[in-house]
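# Architecture and fold: a report
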Amino acid sequence: MFRLTQAVRSAGAALILTLATTAAALPTAAAADDRDRDGRGGHVYVQTNNAAGNAVVAFERDQDGRLTHEQTVATGGLGTSAGLGDQGALAITDDKRHVLVVNAGSDSVSLFRINRDGLRLVDVQAVGDRPVSVDAHDDLVYVLSQGADTIEG
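Residues numbered from 1 in each chain as written. Predicted model: local features only at pLDDT ≥ 70, side-chain atom pairs only at ≥ 80, totals over all residues. Heavy atoms only, no water.

## So, the overall build of the protein
Tallying secondary structure elements over the protein gives zero helices and twelve strands in all. Moving toward the C terminus, one meets the helices and strands of the protein in the order β-β-β-β-β-β-β-β-β-β-β-β. Counting the 153 residues in the protein, one finds 44% classified as buried. Within the protein, counting contacts between residues at least 6 apart in sequence, those at least 24 apart form 48% of the total. (Helix = DSSP H or I, 4+ residues; strand = E, 2+ residues; numbered from the N terminus. Buried < 20%, exposed > 50% of the residue type's maximum accessible area, 1.4 Å probe, protein only. Contact = heavy atoms within 4.5 Å.)

What follows is the structure, encoded as structure tokens:
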């Protein structure tokens, strides 16, 4: 599992991402980055959950809330092409430097670095059977897999 630096922390102790919302156009959750860099309103990230190759779609959000497609980046894993029944398939770390994404179809979690020029895939780690939710707290990443009665950290 990922061991994150002290700087990569979640504000609360919640194990499931609280920023997640349902994305109408895409089959999985969205997470918002409220940074205001260079007069921009931040970013919104969603995942495709495509069984042929999962990806994160990044949108730039202007200060009026309008979204502009910025990039689509492969997660290095597979989705399921079906609803995950998740409460946080994506998570942005509290320091807003990383995005975590579940790959339910290949039983893994991807870690992206948020750079000025977009997302960069840093690592992919195998986890339990069909991960559906992810979050970070302190220097640990927590993953809930579908049907599991435990949370892997």
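## Some points on the environment of aspartate 135
Mapped onto the fold, aspartate 135 is located in strand β10 (residues 131-137). Taking the relative accessible area as the measure of exposure, aspartate 135 reaches 5% and is therefore buried. Measuring from C-alpha to C-alpha, the distance between aspartate 135 and leucine 100 comes to 7.4 Å, with 35 residues separating the pair along the chain.

## Brief notes about the sheet that holds strand β8 (residues 108-115)
The strand order across the open sheet built from four strands is β6-β7-β8-β9, with neighbouring strands paired in antiparallel fashion. The open sheet is flanked by β6 (90-92) and β9 (118-126), the only strands paired with a single partner. For this sheet, the mean inter-axis angle between neighbouring strands, taken without regard to orientation, is 20°. Pairing geometry for β8 and β9, over eight bridges, is antiparallel. By the bridge assignment for β9, serine 110 is matched with valine 124. (Pairing = 2+ DSSP bridges. Axes fitted to C-alpha atoms, helices over the stretch in contact; angles between N-to-C directions.)

## Re empty space enclosed by the protein
Here the structure, examined in full by the defined rule, presents one cavity of 30 Å³ or more. Its boundaries defined by the atoms lining it, the largest cavity holds a volume of some 40 Å³. Looking at the largest cavity, it is lined by ten residues, and the ones nearest its centre are His43, Tyr45, Glu70, Gly118 and Leu119. Looking at the lining of the largest cavity, the elements with two or more residues in it are β3 (43-47), β5 (67-74), β8 and β9. For the lining of the largest cavity, a count of residues per class yields four nonpolar, four polar and two charged. (1 Å grid on protein atoms, 1.4 Å probe; cavity = no way out; pocket = protein on both sides within 12 Å on 5 of 7 lines; lining within 4 Å. Points joined across faces, edges and corners; volume = space filled by probe spheres on them. Nonpolar A, V, L, I, M, F, W, Y, C, P; charged D, E, K, R; others polar.)

## Brief notes about the pairing of β8
The buried fraction of β8 amounts to six of the eight residues, a majority that puts the element mostly inside the structure. Sheet analysis places strand β7 (residues 98-103) next to β8, joined by six bridges and oriented antiparallel. Bridging across to β8, valine 101 finds its partner in serine 110. Linkage of β8 to β9, two consecutive antiparallel strands, is achieved through a turn of two residues.

## Thoughts on the sheet that holds strand β12 (residues 151-152)
Strand order across the open sheet formed by three strands is β10-β11-β12, with antiparallel pairing between neighbours. Unpaired on one side and paired on the other, β10 and β12 mark the two borders of the sheet. As paired strands, strand β11 (residues 140-145) and β12 are joined by two bridges and run antiparallel to one another. By the bridge assignment for β12, leucine 144 is matched with isoleucine 151.

## Describing unusual backbone geometry
We note that asparagine 49 has phi near 55°; this positive angle belongs to a residue other than glycine. By the secondary structure assignment, asparagine 49 is in the loop between β3 and β4 (55-61). Unusually for a residue other than glycine, aspartate 107 sits at a positive phi of about 55°. Residue position: aspartate 107 is located in the loop between β7 and β8. Owing to a relative accessible area of 27%, aspartate 107 belongs among the partly exposed residues under this scheme.

Bear in mind that shape data such as this cannot, by itself, settle questions of function.
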